[in-house]
Amino acid sequence: MENSTETKLQQRMGRRLVLFPLPFQGHLNPMLQLANIMHARGFSITIIHTHFNSPNPSNYPHFTFHSIPDGLLESQVSFSDAIALIGLLNINCVAPFQDCLSRLLLQTSEEPVACLVTDYLWHFTQAVANSLKLSRIVLRTNSAASSLAFAALLSLHERGCLSIKGPQLESPVPEIPPLKVKDLPKINTRDEEVFYQQIASAFREGRASSGIICNSFEGLEESELSRLHEHFRVPIFAIGPFQKYFSSSSSSLLAHDQSSITWLDKQAHRSVIYVSFGSIVEMDETEFLEMAFGLANSEQPFLWVVRPGLVRGSEWLESLPKGFLEMMSGRGHIVKWASQQEVLAHPATGGFWTHCGWNSTLESICEGVPMICLPGFGDQRVNARYASEVWKVGFLLENGWERGEIERTIRRLMAEEEGQERRRRVMHLKEMVNLSVKPGGSSHRSLERFVAQLL
Ligand code: UDP
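- Per an unreviewed UniProt entry, the chain is named UDP-glycosyltransferase 76B1, and its organism is Vitis rotundifolia.
- Quoted straight from UniProt, the Sequence similarities (unreviewed entry) entry for the chain says "Belongs to the UDP-glycosyltransferase family."

Listed below in structure tokens is the structure:
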């Protein structure tokens, strides 16, 4: 940020923001980045967080943290059904959150609270904010396009028109033309009704909020953002990408393996394909092996994040064939977790094979790295379709896990003219990001508007 710490302290607003992140990596990162952005704007920051996946307060000595019990049993903490987990958290946290927030509002020694900012999936918090006469701002951690896609999915479901079988999977979704039916952000869960109820609650409580912050920018999603405004009818503040202001590395829940950077230091300029599927996606052993052989056969250097738990039923790398690691040594480097933004910013990184989580997609755009997209579930499918067909900054692996297509697509991205064209386009978007966060840029103006609303 442009100001020195000392100037920032002199410019304290005398106002406090209370933020409540959802305890998933892809939701914690943007909320803590937003907290840093608002702190740099002079607001004091209080974070309420669950015990589960708690952020590390020592990385943020300038914030105040309050932990609330989430009532989760160890057996309930599983990402294989994130929807069930989010549903449970929205029940278990009501009373502890209300208690904690009520106590904070009574603290006369602290600055007055200007508003509550919560993740959009904490839908119960609107009722709490209403009962305490506090305004609530919603943080949508996904893209505007995927928010519209969730709205379209919900409406199709409510009208009983959702038929996603066979050839219909390839049909376009009329509400969002670039999307095919197979891109709709469905998520597998034990009870589908709970999924639709959650989306409906998030939309309903978003409409009742005082405004919505989007981690996006007009240069990328202008028409989607204006349609989102029509949908919610509350002020929309597109102040992203947050990653342009602050890196996400300080909110990482897992330790970064620094050998990623030292290994990249030894590689040629733009030669490495970085491979990571974020914090939640899981795959089976067959898919993992297709991936391994696709990477091996591409003959391209690769840095591969294999998160423990990525391969169902495996501890880490034991499903790789014997001799694979020896054969790849020198050309491939595998780690459990990397400092992703630093990896993407490294001059040796030439491409990103990603699951298209929204943070990963934005990080790739901010660093000007073209993508290979292989979405898992939910909003990732929408992001992947937009990255490949609307923004044209990546190639989508339409056939999923298939080693031949993987090998060809890596070559296409890293070594062929078509890949160079995608690189030029993502570099152009990177420049647009830089302009949008500067004074006069659209994100900068939205941030000014947001601060003005708070004051
Ligand atoms: N990430 C990281 N190291 C890794 C892989 C991912 O720090 O090895 C971070 C990444 O920078 C991003 C977040 O984890 O900020 C993942 O969020 P995303 O929305 O991309 O995907 P999700 O994990 O929610 O599926």
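Now, onward.
Some details on the site of the ligand
Then comes step 1: In the vicinity of the ligand, 20 residues are found, and the nearest of them are S279, A338, N359, S360 and E363.
Then comes step 2: Taking S279, its side chain carries an N or O atom lying 2.4 Å from an oxygen atom of the ligand.
Then comes step 3: Note that an oxygen atom of the ligand is positioned 3.5 Å from one of the side-chain N or O atoms of Q340.
Then comes step 4: Taken atom by atom, the bulk of the ligand overlaps the largest cavity.
Then comes step 5: Only α2 (25-40), β8 (272-276) and α13 (358-367) provide two or more residues apiece to the shell around the ligand.
Then comes step 6: A total of 4 residues in the shell around the ligand trace back to one element, the largest contributor, which is α13.

Focus: the nonpolar core
Then comes step 1: Core analysis: the largest hydrophobic core is formed by 91 residues, its most contacted members being I48 and F97.
Then comes step 2: It is helix α6 (residues 144-158) that provides the largest number of residues to this core, a total of 10 residues.
Then comes step 3: Residues within four places of I48 in sequence aside, it is in contact with V18, L19, F20, P21, H66, I68, F97, C100, L101 and L104.
Then comes step 4: With 30 residues, the next largest nonpolar core counts A35, Y60, C115 and L447 among its residues.

Thoughts on the packing of aromatic side chains
Then comes step 1: Here the structure, examined in full by the defined rule, presents 20 aromatic pairs.
Then comes step 2: Centre to centre, the rings of Y60 and F63 are 5.3 Å apart; their planes meet at 10°, and the pair counts as stacked. We note that Y60, like F63, is buried.
Then comes step 3: Connected via pairs of aromatic rings, a cluster forms that spans F20, F97, W122 and F124.
Then comes step 4: Over the aromatic face of W316 sits the side chain of K336, whose NZ or CZ is 4.8 Å from the ring centroid.
Then comes step 5: One residue, R412, lies across the ring of F395, its end atom 3.9 Å from the ring centre.

A look at the layout of surface pockets
Then comes step 1: Space inside the largest pocket adds up to approximately 820 Å³.
Then comes step 2: Along the wall of the largest pocket there are 34 residues; nearest its centre are N188, P375, G376, F377 and R381.
Then comes step 3: Per element, the largest residue contribution to the lining of the largest pocket is 3 residues, and it comes from helix α14 (residues 379-390).
Then comes step 4: In terms of residue class, the lining of the largest pocket is made up of 18 nonpolar, 5 polar and 11 charged.
Then comes step 5: By volume, the second largest pocket amounts to about 280 Å³.
Then comes step 6: Residue lining of the second largest pocket: 17 residues in total, with F79, S279, I280, R307 and P308 positioned closest to the centre.

Quick look at the pairing of strand β10 (residues 332-335)
Then comes step 1: In β10, alternate side chains face the same way, and those of G332 and I334 on one face and H333 and V335 on the other are all buried.
Then comes step 2: The pairing of strand β9 (residues 302-305) with β10 spans 4 bridges and is parallel. In the sheet register, V305 faces β10, and the bridge partner there is V335.

Calculation rules
- Residues numbered from 1 in each chain as written.
- Predicted model: local features only at pLDDT ≥ 70, side-chain atom pairs only at ≥ 80, totals over all residues.
- Heavy atoms only, no water.
- UniProt positions renumbered as here; feature names shortened; annotations may be inferred.
- Near = heavy atom within 4 Å.
- Polar contact = N/O pair within 3.5 Å; in protein donor to acceptor, adjacent residues only side chain to side chain.
- 1 Å grid on protein atoms, 1.4 Å probe; cavity = no way out; pocket = protein on both sides within 12 Å on 5 of 7 lines; lining within 4 Å.
- Sits in = over half its atoms within 2 Å of the grid points.
- Helix = DSSP H or I, 4+ residues; strand = E, 2+ residues; numbered from the N terminus.
- Core = buried A, V, L, I, M, F, W, Y, C linked by side-chain atoms within 4.5 Å.
- Buried < 20%, exposed > 50% of the residue type's maximum accessible area, 1.4 Å probe, protein only.
- Contact = heavy atoms within 4.5 Å.
- Phe/Tyr/Trp six-rings, centres within 6.5 Å; stacked < 30°, edge-to-face > 60°.
- Lys NZ or Arg CZ within 6 Å of the ring centre and 35° of its normal.
- Points joined across faces, edges and corners; volume = space filled by probe spheres on them.
- Nonpolar A, V, L, I, M, F, W, Y, C, P; charged D, E, K, R; others polar.
- Pairing = 2+ DSSP bridges.

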